[in-house]
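Residues per chain, in single letters:
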Amino acid sequence: MKSNRRILSILCILMTLAMLSMSVLAGAADTMSVQLPDLSSYYKDKDIDDTFEDDKAVHIVLTGTDWLADNENGFSCEDQVLTITTKGTYVLSGTWNGQIRVQVPEEDKVHLILDGVTVESPEGPAILELTSDKLIVTVQEGTENTLICRTAVTDDDDTIGGALYAEDDLSINGTGILNAVSEVAHGIQSKADLILTGATIHVTSAKDGIRGRNSVLILSGTLSITAQGDGICSTRMDKEGKGYVILAGGTVQITTGRGAGQVTASAENQNRNRGMNTKTSSSESDVSQKGIKAATDLYVLDGTLTLNCADDALHAVRVTLASGTMTIRSGDDAVHADEDLTILDGTIRIEQCYEGLEGTNVTILGGQIDIVSSDDGVNASGGSDMSGFGGRDQFGSWGRRSGQNPAQSNTSGSTGAGAAQTDSAVAGFLSIQGGQLSVISGGDALDANGSLAITGGSVAVYAATTGGEGAIDFNGTGTISGGTLMVASSGGIMTDTAGLTGQTIMSIPLSSRLSAGTTLELFTGDGSLLSSLTLSQTCDTLLISSDQLPEGSLCSVAGNSTTLFSGTVTASSLAGSGAWGGGFGGGGFGGGGRRH
């Protein structure tokens, strides 16, 4: 009997998921109402239950082209296709040169136990589920299992291939190892809902790695995916409540195409002008090679993600990042939402991308976010893959008419992120309410086609203000009424940065240009660290603003632990400074003292 072997583990998973939902909701309640999925309604106990009654199961030992079974009821075999025809639990072990097929009445469930089995199918999927209510696959503890698909088959107008293919709901659980190899199609695919929990799964696929038409829910486990299409995706857009991907835990590593490749702004512009969906020379123009893609909603509630993708790393209509640890390298956007991108918490390290965070509306409530981008760091732009460039086309080079100060485009008098949709000719707002954000960009560090509002958190940005780019760019209102902002640039500040209104903004005098690699740190008078940023290029202009540094208070700025400035906060007259202002403003220059 194996029915009690993993009861404790299952209870721990259930308790962890329940606590995760409560803690994320509680953390978000202080700042704004964010609706997160109630995980308990997305799966049933049997989806994560890897136990079974051994004495009631049918044990099938596969021997290449033959088989042995302790009970011959419930399945048949013809032409190397072993077909399960009756509901129940089946334990598979050994090696099979053929296909395992599940074809039972549509109201019945089948539980497959992979107990050290290798299935290599010369035609079609290694495991193919055609009809059932649900297929549950358990990867048995202490075993390694391999499914290989060499060629696809055609069924009417449908091409069927993949290591594991299900027409109906599919759940994979257990604690063993599953290797899924598809040389012609997706690795693991469900035409309905797909749930993964517990197992260690390695996928190598010619197309998408893991694909659930209705949805993909990852509760726990370890996933390693190498795909020539998307890593993980859900595709359904025509049914309400479907098309989502939820990552609630586990460790996920994804490589798509040949990885992020070499990201350059010029290459990106060329691809977008040609209407391509891919953004680097390492990917094919007609293939989507995103890391995790949802047709509707994408939630990262917890877990560890390592993504190296030729296309967007995370992509959906709406993206919500609530927790977890993410390391991202992308050939295009690191995180892209056609509509709303909301970040509640988590550690997000974007090491390489074209644009870092992009969505029509971008709201940052918390988290530790570090971005290195070849173009915009954070872009609230107005929609789909190419919309960020549509705004630039409409208003001229890089988002505004020649000679226009976007800070003057507001006629309603409204301020803040909530007003962005009415005070700007272009939709889209950027609202930073909390967290720690660091941006090193080759384009605009913060860019909003609508309004920009900073009301909390710590923001440190760097941009080379040349060729129409700027540290901060907005077309509607730009306000800072809370939190800390440190802006470093080479070539002086841009007009938009100077047009920020709200709390005191101060220009820090620099006696000489700072070199690349310098770590800037902003301190209060009592030595508390407010913000830090490590420069990727040289810097000749530095602005600071903080609700912790009102006018008349003391502050200091250090570069590589050497004091660059120490003095009193005094407002700078930035609004009339012009595009290349800077190097003015109050405070005394502190001369070379080293901070300890």
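What counts as what
- Residues numbered from 1 in each chain as written.
- Predicted model: local features only at pLDDT ≥ 70, side-chain atom pairs only at ≥ 80, totals over all residues.
- Heavy atoms only, no water.
- Phe/Tyr/Trp six-rings, centres within 6.5 Å; stacked < 30°, edge-to-face > 60°.
- Buried < 20%, exposed > 50% of the residue type's maximum accessible area, 1.4 Å probe, protein only.
- Salt bridge = Lys/Arg side-chain N within 4 Å of Asp/Glu carboxyl O.
- Helix = DSSP H or I, 4+ residues; strand = E, 2+ residues; numbered from the N terminus.
- Pairing = 2+ DSSP bridges.
- 1 Å grid on protein atoms, 1.4 Å probe; cavity = no way out; pocket = protein on both sides within 12 Å on 5 of 7 lines; lining within 4 Å.
- Points joined across faces, edges and corners; volume = space filled by probe spheres on them.
- Axes fitted to C-alpha atoms, helices over the stretch in contact; angles between N-to-C directions.
- pLDDT = per-residue confidence, 0-100.
- Contact = heavy atoms within 4.5 Å.
- Core = buried A, V, L, I, M, F, W, Y, C linked by side-chain atoms within 4.5 Å.
- Polar contact = N/O pair within 3.5 Å; in protein donor to acceptor, adjacent residues only side chain to side chain.

**Q** Let's hear about the packing of aromatic side chains: which residues, and what values?
**A** What the rule picks out here adds up to two aromatic pairs. Plain terms: the ring middles of Trp-67 and Phe-75 are 5.1 Å apart, the flat faces sit at 75 degrees to each other, and that makes the pair edge-to-face. Since its relative accessible area comes to 8%, Phe-75 is described here as buried.

**Q** A description of the pattern of salt bridges should follow, citing residues and the corresponding values.
**A** Scanning the model with the defined rule gives 16 salt bridges in all. Here Asp-133 makes a salt bridge to Lys-109, at a shortest N to O gap of 2.8 Å. On the criterion of sequence distance, the pair formed by Asp-133 in the loop between β8 (127-131) and β9 (134-139) and Lys-109 in strand β7 (residues 109-121) is long-range, its members being 24 residues apart. Since its relative accessible area comes to 31%, Asp-133 is described here as partly exposed. Classification of Lys-109 as partly exposed rests on a relative accessible area of 34%.

**Q** So what about the pairing of strand β21 (residues 222-227)? Which residues, and what values?
**A** Burial of β21 is one-sided: the residues Leu-223, Ile-225 and Ala-227 facing one way are buried, the residues Thr-222, Ser-224 and Thr-226 facing the other way are not. Where strand β18 (residues 200-205) lies against β21, six bridges are found, and the strand directions are parallel. Note on β21: the bridge partner recorded for His-202 is Ser-224. The sheet contact formed by β21 and strand β24 (residues 251-256) spans six bridges and is parallel. Pairing of Ala-227 across the sheet is with Thr-256, part of β24.

**Q** Which residues make up the pairing of strand β4 (residues 81-84), and what values go with them?
**A** Residues Val-81 and Thr-83 of β4 are buried on one face, and the alternating residues Leu-82 and Ile-84, pointing to the opposite face, are buried as well. As consecutive antiparallel partners, strand β3 (residues 75-78) and β4 are separated by two residues, and within that stretch Asp-79 has a phi angle of approximately 50 degrees, a positive value. The pairing of β4 with strand β6 (residues 99-103) spans four bridges and is parallel. Residue pairing for β6: Val-81 is matched across the bridge by Gln-99.

**Q** Talk me through the layout of surface pockets; I want residue IDs and the actual numbers.
**A** Roughly 330 Å³ of volume is contained in the largest pocket. Lining the largest pocket are 21 residues, and of these Gln-368, Asp-370, Ser-438, Ser-532 and Leu-533 sit closest to its centre. Mapped by element, the contributors of at least two residues to the lining of the largest pocket are β32 (347-352), β34 (368-373), β37 (436-441), β39 (451-464) and β45 (529-534). With six residues, the top contributor of residues to the lining of the largest pocket is β45.

**Q** Quick one: what's the story with the sheet that holds strand β44 (residues 519-524), residue by residue and with numbers?
**A** The strands that make up a sheet pair up through hydrogen bonds in the backbone, lying either parallel or antiparallel. One open sheet accounts for four strands, arranged β45-β44-β47-β48; its pairing is antiparallel. The open sheet has two edge strands with one neighbour each: β45 and β48 (562-568). Between one strand axis and the next, the sheet turns by 15 degrees as a mean value, whatever way the strands run. Bridging between β44 and strand β47 (residues 554-559) involves five bridges; their strand directions are antiparallel. When the bridges of β47 are listed, Leu-520 appears paired with Gly-559.

**Q** How would you summarise unusual backbone geometry if you had to cite specific residues and measurements?
**A** The backbone phi angle of Asp-79 is positive, close to 50 degrees, even though this residue is not glycine. Along the chain, Asp-79 turns up in the loop between β3 and β4. Of the residues examined, Asp-79 reaches a relative accessible area of 69% and is grouped as exposed. One non-glycine residue with positive phi stands out, namely Ser-561, at about 70 degrees.

**Q** Describe the confidence of the model for the protein, listing the residues and the values that go with them.
**A** In this model, the protein carries a mean pLDDT of 82, and residues with pLDDT of at least 70 account for 78%. Confidence drops under pLDDT 50 across residues 386-425; counting only partners more than four residues distant or on other chains, this segment forms 78 contacts.

**Q** Can you break down the nonpolar core residue by residue, with the values?
**A** Ranked by size, the top nonpolar core spans 99 residues in total, and within it Leu-112, Ile-188, Ile-232, Leu-357, Leu-437 and Leu-446 carry the most contacts. Setting aside residues up to four positions removed in sequence, Leu-437 forms contacts with Ile-364, Ile-369, Ile-371, Val-378, Ile-432, Leu-446, Ser-458, Val-459 and Ala-460. Counting residues in each nonpolar core, the second largest holds 23 residues, with Leu-514, Leu-522, Leu-549 and Val-557 among its members.

**Q** Could you give an account of the side chain of Thr-360, with specific residues and numbers?
**A** One can find Thr-360 in strand β33 (residues 355-364). We classify Thr-360 as buried; its relative accessible area is 14%. Looking at Thr-360, its side chain comes within polar contact range of the main-chain oxygen of Asp-338, at 2.6 Å.

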